[in-house]
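Each chain, written out:
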Amino acid sequence: MIEINDLVMKYSDNIILNKINLQIDAHETCAIIGPSGCGKSTLLYGLAGIVKPASGSITIDNSIVVGNRKETGVILQTYGLMPWKTVWENASLGLSIRGVKKNSIEEKISIILKQLHIYDLRDQYPVQLSGGQRQRVAIARALSIEPDLLLMDEPFSSLDAIAREELQNVVVDLYNQKAMTTIIVTHSIEEAVFLGQKIIIMDPTTGNIKKTLDNHHFGDHAFRNTTDFHKTCVEVRKLMEVTST
Amino acid sequence: MIKSILLNYKTVYATIFVILCWYLFHVIIQSNIIPNPFETILVFFQLLQDDLLLHVGVSFLRIAVSVLVAVILGGSLGLFLGLHEKYDLYFGPVIYLLYPLPKIAFLPVFMILFGLGNTSKIALITIIILFQILVTTRDSVKGLSKELFYSISSLGANKRQVYQHLVLPAVMPKLLTALRISVGTSISVLFFAENYATTYGIGYFIMDSWIRVDYVEMFAGIIAISLLGLLVFKAIDLLEAKLCKWALLEKGENTNF
């Protein structure tokens, strides 16, 4: 379980997040949505232990986050792949940093790359891949460390619509296989509704949470085509518009 | 067809082109200051069996030591300043001021401090190329995106691992480019530095031939110094193809060497 208490985060002297309180249950998927500059990415960096809070605390499974946590997988907006490493080397980077034995890495990474359909690209460099393929590598890298918490910062925002929906389906499938706690930051209403069992709407003016919404439809690719999906999207959109006035 | 031949045999093509131009000058100018290239090449091979190789070898050693020292000193100082903005605040302006200064003008100082032998020659070359390498490494570290640092620290990398997986591979292509430029510079500085207090080195060999008005031998020396430069360039190319394949792919260049 994740508990956030009175969290304040600053960027130089600007307060980005102002006294946020939030609870996310284990094995829950949670989408954080809001316009640019509302601090949603900062919140994710805080959860990942990349940026330190100015005050308040983030607790994951009863221990306070200070720096990197071993069981947290992170996927960044710009993929975060090392341009000088091949698909294989990028995917296995997390494991080799942890000092995992070579043959164990080999076994794990080939399974994950096959599962994500990028095994044939293993000797290619990021520059040779499409955006969707690069993001699959980033997913592979995050999964390789067998996380219990998966954090994603606008992971699919620079992809075309088809690649984006494909990868959203991948996230659903991964969750259905192993129910990792999943937090995804996004500015797309559709993505938030499709991927979040809990949808958190951020308010850019106050630097706080405007509204939390429960969404029980998660878990099926076909959800995207239902009227419930569109109803929820409309609801979220209305809530966001209230935010901006 | 012609395009593919030119691309695959760049060096061979360039060599033939240069020799033909040389021959043309030789025919047009009709002076012994431009000797016949074919005669010169013949003399070059004869001299190789004599002591030309020794002269080239001595010069190569001087360059190698200078480059090595400059890369170690300039590279590590550049990495440090690139990663620590606080110190770059103090040293950056000083480096900016000293960078374009013609260090070669301080040769007398080097001679007095380091003597007339190898040390002053090596120190002179080192100080000249050190700045190039320092500035290149520092700026390429500074240009690294924050996201990459976030990315690697989210994987739990320690300081050594950040250098190993992020900083060093990132600066490698620019370092090699800086090295390529510095080697060109260092060969011309070497030529200058080998004009005093030595009887070995390719610079000495060329000037000595000139004084003896033996232009054929002088040109044979020029061939030797050119080959030395070419050899080092090719070595850097090979290193680049091996270590920085990704950078060549990003530039869209052929990676088959």
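The model shown is predicted, which means the values in this text are computed figures rather than measured ones.

Rules used throughout
Residues numbered from 1 in each chain as written. Chains lettered and ligands numbered in written order. Predicted model: local features only at pLDDT ≥ 70, side-chain atom pairs only at ≥ 80, totals over all residues. Heavy atoms only, no water. Contact = heavy atoms within 4.5 Å. Buried area = accessible area lost by both parts, 1.4 Å probe. Salt bridge = Lys/Arg side-chain N within 4 Å of Asp/Glu carboxyl O. Polar contact = N/O pair within 3.5 Å; in protein donor to acceptor, adjacent residues only side chain to side chain. Helix = DSSP H or I, 4+ residues; strand = E, 2+ residues; numbered from the N terminus. Expected span 1.5 Å × (residues − 1). Bend = angle between axes of the 7 residues up to and from the residue. UniProt positions renumbered as here; feature names shortened; annotations may be inferred. Buried < 20%, exposed > 50% of the residue type's maximum accessible area, 1.4 Å probe, protein only. Pairing = 2+ DSSP bridges. Axes fitted to C-alpha atoms, helices over the stretch in contact; angles between N-to-C directions.

With that settled, the discussion passes to the interface of chain A and chain B. Put simply, an interface is often sized by how much accessible area is lost when its parts join up. With 25 residues of chain A at the contact, the number on the chain B side is 20 residues. The largest share of the area that chain A buries against chain B comes from I50, W84 and I97 of chain A, three residues that together contribute 31% of it. Applying the counting criterion to the chain A and chain B interface returns zero salt bridges. One can count eight residue pairs in polar contact (both at pLDDT 80 or more) joining chain A with chain B.

So, about helix 9 (residues 159-193) of chain B. Given 3.6 residues per helical turn, the α-helix brings residues three or four places apart onto the same face. All names here are of chain B. Across its 35 residues, helix 9 extends only 41 Å between first and last C-alpha, which sits more than 12% below the 51 Å expected from 1.5 Å per residue. By the largest-angle criterion, M172 marks the main kink of helix 9, which is about 40°, and a proline, P173, follows within four residues. Between the side-chain oxygen at the start of helix 9 and the backbone nitrogen of R160 there is a gap of 3.2 Å, and the oxygen is on N158.

Glancing now at the UniProt feature "transmembrane region" (unreviewed entry) in chain B. Sites flagged by UniProt as "transmembrane region" (unreviewed entry) map to residues 12-33, 53-82, 94-116, 122-141, 187-206 and 218-236 of chain B. End C-alpha atoms of residues 53-82 of chain B are separated by 41 Å, and the span's content is 100% helix alongside 0% strand.

All names here are of chain A. Non-glycine residue D61 carries a positive phi angle of around 45°. With respect to the helices, strands and loops of the structure, D61 is situated in the loop between strand 4 (55-60) and strand 5 (63-64). Assessed through its relative accessible area of 42%, D61 is described here as partly exposed. Its identity is not glycine, yet H117 carries a phi of approximately 60°, on the positive side. Looking at the element boundaries, H117 is found in the loop between helix 4 (102-115) and helix 5 (131-144).

Turning to the pattern of salt bridges, a few remarks are in order. All names here are of chain B. Under the definition given, this model contains 17 salt bridges over all chains. Ionic pairing is found between D237 and R180, a salt bridge with its closest N-O pair at 2.7 Å. Taken together, the residues D237 in helix 11 (residues 215-243) and R180 in helix 9 connect sequence positions 57 residues apart. Residue classification places D237 among the buried residues on the basis of a relative accessible area of 19%. Given a relative accessible area of 19%, R180 falls into the buried group. Notably, a salt bridge pairs E217 with R212, separated by 3.1 Å at the nearest N-O pair.

This part is about the sheet that holds strand 7 (residues 149-153) of chain A. Residue and element names in this part refer to chain A. Taken together, the six strands give an open sheet; going across it, the order is 6-7-8-3-9-10, and neighbouring strands pair in mixed fashion. Sheet topology places strand 6 (72-75) and strand 10 (208-214) at the edges, where each strand pairs with a single neighbour. The sheet shows a mean angle of 15° between the axes of neighbouring strands, taken without regard to direction. Two strands pair when backbone bridges link them, and strand 3 (residues 29-33) and strand 8 (residues 181-186) are joined in this way by five bridges, in the parallel orientation.

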